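Below are the chains, spelled out letter by letter.
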Amino acid sequence: MLDGNCYVETANIDGETNLKLRIGKKELSDFLQDGKLGDQVVAMERVINTDMKVVADAPNDSINSFTATATIDGKNYPMDSSQFLHRGSVLRNTNWAIGLSVYTGHQTKIALNSADPPVKRSTIDKIVDRMLYIVVFAQIILVSAATIGYVIATSSMIYFKDDLGYYSTWYLIPKGKSAEGFIFPSWLAYWFSYFILFNNFVPINLYVTLDIINLLQGLFINSDLAMYSEDSDTPSNCRASNLCQDIGMVEYIFSDKTGTLTQNVMKLKKIAIGKDMYGNEEGLDFNDESLSKLLQTGESKQAEDFMVILAVAHTVVTDKQGVYQAESPDEAALVDGASIAGIKFVGRRGEVVEIKCEWETKSREYVIEAINSFNSKRKRMSVVVRRSDGSRVLMIKGADNVIFDRQESKGEKKIINSHLDTYAQKGLRTLLVGQREITEEEFKIWKKKYDKACAAIGKQRKTLLAEVAEEIEKDINILGVTAIEDKLQDGVEDTISNLADAGIKLWVLTGDKVETAINIGYSCKVLVPGMKLVLLVETSPDQINFRLENLVCQLRQIQADGKDVKTGQAEIGPIHLKNMALIIHGKTLEHIMSHSIRKDMLLELAIACKVVLACRVSPLQKSKMVELVRLGIKPEPITLAIGDGANDVTMIQSAHVGVGISGKEGQQAANVSDFSISQFRYLQRLLLVHGRWNYRRICKAITYVFYKNFALTLTLLYYAAVTGFSGTSIYDSWVYVSFNVHTMLPICAVGTLDQDVRAETVEKFPALYMTGRLNLDLNPKVIFQYILLAFVHSLIVVLWPYFSYFGLDQIDLGGIKVFGTIVFSCLVFTVQYRVMLITITWTSVTAIVLAISTLSFFSFLLTYGLLYDLSWEFYYVPYKMFGSAIYWVVLLGVPATALYFDFVFLWIAREFFPSITDFAIEADYIMHKHNKDGLMNNLANKVKGEAVVERKIVENDQIEDIEIKNYKSSTAQTKTTSESKSINVSPHGFAFSHPGVEHAQLAKSMTAARKPKVNGDKKLPRSEKTGSERDIKLDIGGKMEMKRGAMTDTKLNKNRPLDESSWCGRFLQQKLPRLQKPLTPRVTIIVLTSVGCFFLLLGGLVLMGSQASAYQLIQYDGDESVYNGLGYTMEYEDCSLRASRNQSYRTCNVSITLEDDMTAPVHVHYGLSNFFQNYQSYATDRYPSQLDGRTKDPSSLYCKYYNRDYETDQKYLPCGLQAHSVFNDTFKLLNPELTMSETEISWKVDRERRYSNPISYPEMCGDETSCLYQWYPDVLDPDLGVKDEHFMVWLRISALSTFMKRYGRIDSDLKKGDTLNFEITARFVVETFEGGKALIVSSDAWIGGRNDFLGVAYLAVGCVVLLTVLVMLLKESACPRKIGNAELLVDKAHEVQERNDGKDKPQHHVELNNTGRDEKSDGMKTSL
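Conventions and cut-offs
- Residues numbered from 1 in each chain as written.
- Predicted model: local features only at pLDDT ≥ 70, side-chain atom pairs only at ≥ 80, totals over all residues.
- Heavy atoms only, no water.
- Helix = DSSP H or I, 4+ residues; strand = E, 2+ residues; numbered from the N terminus.
- Buried < 20%, exposed > 50% of the residue type's maximum accessible area, 1.4 Å probe, protein only.
- Contact = heavy atoms within 4.5 Å.
- Areas by Shrake-Rupley, 256 points an atom, 1.4 Å probe, with all protein chains shown as cover.
- Core = buried A, V, L, I, M, F, W, Y, C linked by side-chain atoms within 4.5 Å.
- Disulfide = S-S within 2.5 Å.
- Axes fitted to C-alpha atoms, helices over the stretch in contact; angles between N-to-C directions.
- Parallel < 35°, antiparallel > 145°, perpendicular 65-115°, else oblique.
- Left-handed = near helix turned anticlockwise from the far one by under 90°.
- Nonpolar A, V, L, I, M, F, W, Y, C, P; charged D, E, K, R; others polar.
- Pairing = 2+ DSSP bridges.
- Patch = residues over 30% accessible without salt bridge, like charges linked within 9 Å, V, L, I, M, F, W, Y side chains within 5 Å.
- Salt bridge = Lys/Arg side-chain N within 4 Å of Asp/Glu carboxyl O.
- Phe/Tyr/Trp six-rings, centres within 6.5 Å; stacked < 30°, edge-to-face > 60°.
- Lys NZ or Arg CZ within 6 Å of the ring centre and 35° of its normal.
- Bend = angle between axes of the 7 residues up to and from the residue.

### Describing the overall build of the protein chain
Piece 1. Along its length, the protein chain carries 47 helices and 42 strands.
Piece 2. When the 1424 residues of the protein chain are sorted by exposure, 58% land in the buried category.
Piece 3. Long-range contacts, defined as pairs at least 24 residues apart, comprise 75% of the intrachain contacts of the protein chain with a sequence gap of at least 6.
Piece 4. Surface summary for the protein chain: the accessible area is close to 59,100 Å², and the carbon and sulfur share equals 55%.

Structural data, given as structure tokens:
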């Protein structure tokens, strides 16, 4: 039947599942029917054969607005949103509909609303950004310092010349070339080179790490079974994972009331008509026999008119089953109440509303001729109705303040106000209902204006309609008052109490009356007995100014003097300064917000209060209140806004964190929020548990990433000092790049799984939330500590390999690739140890990830060491390194040394400056270590009222069991049966209680409830109703609210997260089996004792192994003090080459008398000091393709510094500085009974794989191309070329400037006292750069070479560690620290909060002018 009505579901657009009515124009309906009702074919023919034109708004994204004018056969018809069907909406309860497409494609409203939501950056991200600015600045300083060092070092090394004009470091300058024009670039080029070298100082990988952690943290929030509502099958939802840490730093919460704190299940409980009140408070539904009798007898026309308005003036529709569908639960409650009273809304047919009175046989019909819609600014709705007799009446309902302004007679206002106050004290939502008779003439005049306004296009229509409505909404005859009950959600009281204990300030922004808001505040524990209520509800500008100035004046004087203000207007005392609540009215707020100085004064007053209640506020005012706090307080506090309706969207988007509740008002708030939950009580777990965990985890991750990258960069800086600041990297390029790969996974595991304390402990001690609220884990002090830690650890990482360098060099592992990889390994293991230290909760995942990371490191080195083509220099390095015992000795010693410094620092911090987290970790461990289920068993017993064994922590980590019998929580739940009572449920049965006759009892119980929750005084969550109490009932959307026990259908629980029955469920619930042991003094002493013994054992083994090795050194060239200054045991024999390199050679004989036995093979080395093979230009000046035989035309290749002789113009093969500075002194063993072999002195892989001559060698050597053997005919074999082992040994670039390289070996055992005689032919000039040359004879042991210094250092460290342990034992025996327990935890929380209040008080300044008050202000001069 074509009646002009259709029903749509807009869940895809606004998330609301209730049906909405769309009403076609009656004129168009009649025109299309053409007398044939319901004939679709006839209607379509009429549409096709009719000239139609529609002028509509330009495409826009406003879902709730639409204006257009349809012109049909020359006649105009205004259109609005009630005739508009959105793309994406679903047609329901309607057979067919005919429409005209207005917007298509990307111009539709749903498409225009598909833009990305506003991007919110987390506070942690902003802090990291600020840290990065500082880090970049520090990097610039480091780079500049290194560049200055380079300039100084280069000036003394390269530019310095000897007496004959040769450069001192001749091996760095090609023959015939100038240092200024060839090798030394500008200082700026080297500045950029260092900037690139130190690129890891800025941890770019931090953002990847944070993204991974944020993703997993969001997954845990989504999967938390403790925040899942079975009734609605709604889990929590994290839409902005980057804000997972901000929920652990919230200082202010801005909350809506209806649907957020309350259930938004409206029930009409009471009405007042005239002087009489009706209703049944104790019943489930509105029912009053006296009212029904009054309506049936017709004794009260006023009562009948009142109930008819409830049944007619609304937007409720009925579906096919007759179930009411309403956009607003208030309207559904009123219509349902009228139906119970006997006046039932039947349905709609176009503009006709049909109602049925029980005492009448026929239905009544009312024609809706005009609708003045409700909006947040008007706060009322009205309809113009034509009765069956032709008379017209304006029916109106709305907020009391706007209806009173339009009242016809003020005489009954006092009576109505008394009804309003009575209902407000009971926490009921009130509306005024009224009407006004309209004459035919008045209606015709007004209807023309109304039609004209409806015909307007765009925003003008809304303005004109509001103006037209004002004209007719006057002289209202108020018929009575409706009072609707909206019950509190489960657990609201306990949640608000715990959030307050956590130090979070709650501002409730509601549209209710002041009295209603105050009573709601007491009911849900936003307000507590003893709290001073400061009212700011004046309406006139002068009164507001006077009142605000007076309050601020009192506040400032009290803050300055700590005394009451001695004026007649004083109402704030020191006793209330930290326990005040500000109550402000929407009209007052509107005036204040229009003036910047008044706004600042309001903020100054508001931040001094613990609670703020804003009443009668609009959605825009809610948003402005959030912005007032965000922009007015410095440093900017973290704000959270929570709401459930479309009117909360702006508030949610304005706050740092927006939380939407999936409630009765739809999904608008949830859809735009950053986090969504199904009930307000889940906010406690979201903030106190997930928020705190996530904040602490992410802070650990951030500080750790900065620490490890600082340590990595500092090792490069240290090494730069021993390379002449030439920019040489100690690490292979691929190894250097892999650092973040090896170290990322463990910190990701910590950042997602670590729990310093269990969830139950946090919920029991909400004060632990201050860790994030006060930002205790990521502040300049913490950053400085980690920078200092990076400095210490990086120094240790470099020093231990440095101390072992002589032993490494002795076994041919002194090359820069080997040494750099050893340092890199020590660094990786040190930072891996560090992540183990900061891990508090060990799970299987944490251990597996750490193992995978360690295995990946070794696997990478072993794989990369075989990739010949990828890295010619690194080939086989890891295999030689892993085969050396000294590598593993150093690798174990470095993290152990770092552990000592860390444990000493932690011991000092925890013994003398313990934090609240330290106490919490210890208390949490003690409370749970004796019981698998721990605290939860006790909680369950307390709920049942059974005896509980509570563990009290006493001194010396002892546990004392205390039995607490018949425990009943004073903050226990609301009634669990209809007969039971508790202090949280008022005697009249309403959720909102007002402190009346039982105020003293309530105050007593609430005071007890807010005492510090220690030992047996544990706070319990609000209990759920039992299954027998959950009756099946219809809500406003026509859905069934099932019994709890009936929720067994898998379809109803399809969104339920995994439980703990599987490993994945335990992982997602963060309840994997865990290992946790706090670092108590006892644990610290045990660990350090073990470390000290380990160092003594390791040092002893190193010394024993070192003594098994022997070496003998004789210096034969250079200053005699060179090797003595390095601590070598040596002899000196003068065989120096005094002149410049023009002198060809000098020959001398030296003898070495052995001081120890030497086991074959005995290696003969040559040693060089102050020779910078590790200089950047020297170390990189070679081309592997010339060394492995891949080149064919040497003239086509270019070596950076040295590719030809500029005197003879010959091409060099191989080119490069290394090939043209080969050590060319020769040693000849003169002992006839011994033979020195000069083969197999290089690495086996070098001989077999790495080096190879070109195919055309040696034929290619001649006049144009000069080959290697031609430069060193006395040293290198012409037939071998680059395969000469002396050349291979030389090209293993040494890590330090003092080094030794193998020259030959003696395959015979030598005895102590034997003398070795050598003939030395000296050709290699070292005098010019103040270097030295030595002949070294050595034998190896199982540990490698001689490492006496390393062994002694290990023994010294072991002694220092054990001495530290002795100091700790003395301190513990003299004055032991109490292990963390509940009492200490509470005391520490108070101490930290008081210290923060004194030092870090939010700064808010208000500039005052010199104008004074009037006489009413007692002559006081203040602002304004």
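Text resumes after the structure shown.
### Let's talk about the nonpolar core
Piece 1. Grouped together as the largest cluster of nonpolar side chains are 241 residues, with contacts concentrated most on L683, L687, F1227, W1290 and F1318.
Piece 2. A total of 23 residues in this core trace back to one element, the largest contributor, which is helix α24 (residues 682–721).
Piece 3. Listed in part, the 42 residues of the second largest apolar core include I271, A333, V393 and V433.

### Some details on the state of the cysteines
Defined simply, a disulfide is a covalent bond joining two cysteines at their sulfur atoms.
Piece 1. Counting across every chain of the model gives 1 disulfide.
Piece 2. Between the sulfur atoms of C1261 and its disulfide mate C1267 the distance is 1.8 Å. Of note, the bridge from C1261 to C1267 carries an S-S torsion of about -90 degrees and is left-handed in sense. There is no split in this pair, since C1261 and C1267 are both buried.

### Some words on the packing of helix α8 (residues 205–222) against α24
Piece 1. At a minimum axis separation of 11 Å, α8 and α24 run at an interaxial angle of 160 degrees. Regarding the angle of α8 to α24, the classification is roughly antiparallel. Crossing angle aside, the handedness with which α8 passes α24 is right-handed. On α24, the residues touching N205, L206, L210, I213, N214, Q217, F220 and I221 of α8 are L686, H690, N694, R697, I698, A701, I702, V705, F706, K708 and N709.
Piece 2. Grouping the amino acids of the contact of α8 with α24 by side-chain chemistry returns 11 nonpolar, 6 polar and 2 charged.

### Digging into the sheet that holds strand β23 (residues 611–615)
Piece 1. Across the sheet, which stays open at both edges, the 9 strands sit in the order β7-β26-β25-β24-β8-β20-β23-β22-β21 with mixed pairing between neighbours. Edge positions in the sheet fall to β7 (237–238) and β21 (532–536), since each of these pairs with one other strand and no more.
Piece 2. Where strand β8 (residues 250–255) meets strand β20 (residues 505–509), 4 bridges bridge the pair, whose relative direction is parallel. Residue pairing in the sheet places Y252 in a bridge with K505 of β20.
Piece 3. In this fold helix α17 (residues 514–523) packs onto β21, β22 (580–585) and β23, with an angle of close to 145 degrees to the strand it touches most, β23.
Piece 4. Packed onto the sheet, helix α20 (residues 596–607) meets β8, β20, β21, β22 and β23 and runs at close to 145 degrees relative to β22.

### Describing a nonpolar patch on the surface
Piece 1. Residues F784, L788, F791, L795, L799 and Y802 make up a contiguous nonpolar surface patch of about 560 Å² in total accessible area.
Piece 2. You can call F791 partly exposed: its relative accessible area is 40%.

### A short note on the packing of helix α34 (residues 885–912) against helix α39 (residues 1081–1108)
Piece 1. Where α34 contacts α39, the two axes come as close as 10 Å, and the packing angle between them is 155 degrees. Of the possible angle classes, the one that applies to α34 and α39 is roughly antiparallel. Handedness of the crossing formed by α34 with α39: left-handed. Where α34 approaches α39, its residues V889, L892, G893, A896, T897, L899, Y900, F903, V904, W907 and E911 are matched on the opposing element by P1081, T1084, V1087, L1088, V1091, F1094, F1095, L1098 and V1102.
Piece 2. Of the residues belonging to the contact of α34 with α39, the class tally is 16 nonpolar, 3 polar and 1 charged.

### What about the pattern of salt bridges?
Piece 1. Taken as a whole, this structure holds 51 salt bridges when the rule is applied.
Piece 2. As a salt-bridge pair, R380 and E473 come within 2.7 Å of each other at their nearest N and O atoms. Placement of the pair is R380 in strand β16 (residues 380–386) and E473 in the loop between α15 (459–472) and β19 (477–488), with a sequence separation of 93 residues.
Piece 3. You can call R380 buried: its relative accessible area is 2%.
Piece 4. Between K447 and D451 there is a salt bridge, with its nearest N and O atoms 2.7 Å apart. Separated by 4 residues within a single helix, K447 and D451 lie in helix α14 (residues 440–455), roughly one turn from each other.
Piece 5. On the basis of relative accessibility, which here comes to 32%, the residue D451 falls in the partly exposed class.
Piece 6. A single network of salt bridges, built from pairs that share partners, joins E369, R386, R392 and E440.

### What about the packing of aromatic side chains?
Piece 1. Across all of its chains, the model carries 64 aromatic pairs by this definition.
Piece 2. Look at Y171 and F1171: their rings are 3.8 Å apart centre to centre, the planes differ by 25 degrees, and that puts the pair in the stacked class. Placement of Y171 in the loop between α5 (123–157) and α6 (179–183) and of F1171 in the loop between β34 (1162–1169) and α41 (1176–1179) is noted, with a sequence separation of 1000 residues between them.
Piece 3. A ring pair is formed by Y731 and F824, whose centres lie 5.5 Å apart and whose planes are at 70 degrees; its orientation type is edge-to-face. Of this pair, Y731 sits in the loop between α24 and α25 (733–737) while F824 sits in helix α31 (residues 816–838); the two residues are 93 residues apart in sequence, bridging distant segments of the chain.
Piece 4. Positioned above the aromatic ring of W1243, the side-chain terminus of R1292 is 3.7 Å from the ring centre.

### What to know about helix α26 (residues 739–753)
Piece 1. The largest bend along α26 reaches roughly 30 degrees and is located at L745, with the proline P746 sitting one to four residues downstream.
Piece 2. Within α26, 13 of the 15 residues are buried, which leaves the element mostly enclosed by the surrounding structure.

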